[in-house]
Amino acid sequence: MSFYRSLVLTLAQNRLVTSFATKYGMKLGASRFVAGETLDKAIQVVQQLNAEGLVVTLDHLGESVAHKNEAIEATNTAIQIFEAIDQSGVQSNVSVKLTQLGLDIDPSFCLENMDRIAAKAKEKNNFVRIDMEDTPRLEATMDIFHKLLDRYGKEHIGLVIQSYLYRSEQDVTELGKKKVNLRIVKGAYKEPATVAFPNKKDVDMNYIRLVQQHLQNGCYTAIATHDEQIIHTLKAWLKANQIPHHLFEFQMLYGVRNGLQRQLVKEGYKVRVYTPFGKDWYPYFSRRIAESPANTMFVLKNLFKS
Ligand code: FDA
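Rules used throughout
- Residues numbered from 1 in each chain as written.
- Predicted model: local features only at pLDDT ≥ 70, side-chain atom pairs only at ≥ 80, totals over all residues.
- Helix = DSSP H or I, 4+ residues; strand = E, 2+ residues; numbered from the N terminus.
- Buried ≥ 20, exposed ≤ 12 C-beta atoms within 10 Å, placed from the backbone.
- Near = placed C-beta within 6 Å.
- Nonpolar A, V, L, I, M, F, W, Y, C, P; charged D, E, K, R; others polar.
- UniProt positions renumbered as here; feature names shortened; annotations may be inferred.
- Contact = placed C-beta atoms within 7 Å.
- Expected span 1.5 Å × (residues − 1).
- Arc of directions from axis to C-beta.
- Pairing = 2+ DSSP bridges.
- Right-handed = clockwise from strand over helix to strand, strands pointing away.

A. Expanded view of the overall build of the chain. Of regular secondary structure, the chain possesses twelve helices and eight strands. Per-residue burial for the chain yields a buried fraction of 38% across its 306 residues.

B. Structural context of unusual backbone geometry. Here N125, not a glycine, exhibits a phi torsion of approximately 50°, which is positive. Secondary-structure assignment places N125 in the loop between α5 (107-123) and β3 (128-130). One non-glycine residue with positive phi stands out, namely Q242, at about 45°. Its place among the elements puts Q242 in the loop between α9 (228-240) and β7 (248-253).

C. Main features of the site of the ligand. In the vicinity of the ligand lie 23 residues, with D131, V185, T225, H226 and Y274 positioned nearest. Counting only elements with at least two residues in the shell around the ligand, the list comes to β4 (157-162), β7, α11 (282-291) and α12 (293-305). The leading source of residues in the shell around the ligand is β7, at three residues. Its residues assigned to classes, the shell around the ligand comprises eleven nonpolar, seven polar and five charged.

D. Region of the structure containing the UniProt feature "binding site: substrate" (unreviewed entry) in the chain. Residues given the UniProt feature "binding site: substrate" (unreviewed entry) here are K97, R287 and R288. Summarising the element assignment, K97 is placed in the loop between β2 (92-96) and α5. Filtering out sequence-adjacent residues up to four positions away, K97 remains in contact with E63, D131 and E133. Tracing the backbone shows R287 in helix α11.

E. Molecular detail of the environment of K147. Inspection of the secondary structure puts K147 in helix α6 (residues 138-152). The class for K147 is partly exposed, based on 14 C-beta atoms found within 10 Å.

F. Quick look at α5. Taking 1.5 Å as the rise per residue, α5 with 17 residues should run 24 Å; its terminal C-alpha atoms sit 24 Å apart, in good agreement. The complete set of buried residues in α5 reads C110, N113, M114, I117, A118, K120 and A121. The buried residues of α5 occupy one face: seen down the axis, they fall within an arc of 155°. Those residues of α5 hidden inside the fold are in contact with α4 (68-88), β2, β3, α6 and β4. Phi for N125, located one or two positions after α5, is positive at around 50°.

G. Focus on the pairing of β2. Of all five residues in β2, five are buried; the element is thus mostly enclosed. Where burial is concerned, the two faces of β2 agree: the one with S92, V94 and V96 and the one with N93 and S95 are both buried. Relative to β2, strand β1 (residues 55-60) is paired through four bridges, and the arrangement is parallel. Looking at β2, one finds that T57 is bridged to N93. Read from β1 through α4 to β2, the crossover connection turns out right-handed. Between β2 and its parallel partner β3, the chain crosses via α5, and the hand of that crossover is right-handed.

Structure below.
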């Protein structure tokens, strides 16, 4: 982990910094990366993005919960998001994290919650994607995903694969047999070299290989990266191999590389913006700041403006 990234993440855990940031955070720039604190506000943001030709996946912010009532609340919110998407007619699906739905409390309780969400996705003819968290949760996540895939089908539920993991090539092969809809990402957690490539170059090379492998197997692939070099390489490969547009989409985070998102839409590609919202925005915001010194400059500029 770089010195900059660990410094920002350490500061993010400081109580003084946290209370200052949660008080003034939206003003300081969190609203660039988070679509507000309420579902109503998030739907308004989706409407604006849709008007620009972008589709969305909504994420209700929140991570590992320790109490069952919090997990049930998060489950109910995910269900409400599907209702709100349906009522407003916006172009959006939903992304969820299993630790927010009780994975660390009890996997079978988490499966019950996730089952309610997947059933609602199917009822509304929509789609839910399970985000991938760190490796200690990977097997349990796969297990829950496969159970729900059998019940609801690949049109309504999908998963995420991280290119920093050695095992991902094998996972993509296995998931390819069931024609699973996958989002491929590089991976956002701190993992040891026993399970993940320590060098960025290997993560990037594996990223390209996994996207190509899944598309060559005829499976729907969400290419989720802001890496312009990788996007450039893959665009050339997609064209040369005549991969039809209905088999893939690009995905980026809300507020990151806005120009590139819109440029891809102009070029005729489908682009989905991962759009988080909710009161628990601070840990997500800190990670975005840690990823890029340019984002810190953005926050500092807002600080001096206000
Ligand atoms: P990389 O980190 O190499 O960045 C490439 C370039 O993009 C950088 O040079 C920089 O210019 C720009 N960039 C990247 N991040 C930026 C930022 N925050 N602000 C400004 N510029 C930035 N991870 C995971 O483990 N599980 C998951 O389920 C998901 N889900 C997910 C969904 C979507 C839609 C995206 C885009 C990403 C994820 N991720 C994820 C996160 C992912 O694993 C990864 O950490 C980030 O996308 C950063 O990696 P990049 O591929 O963008 O490349």
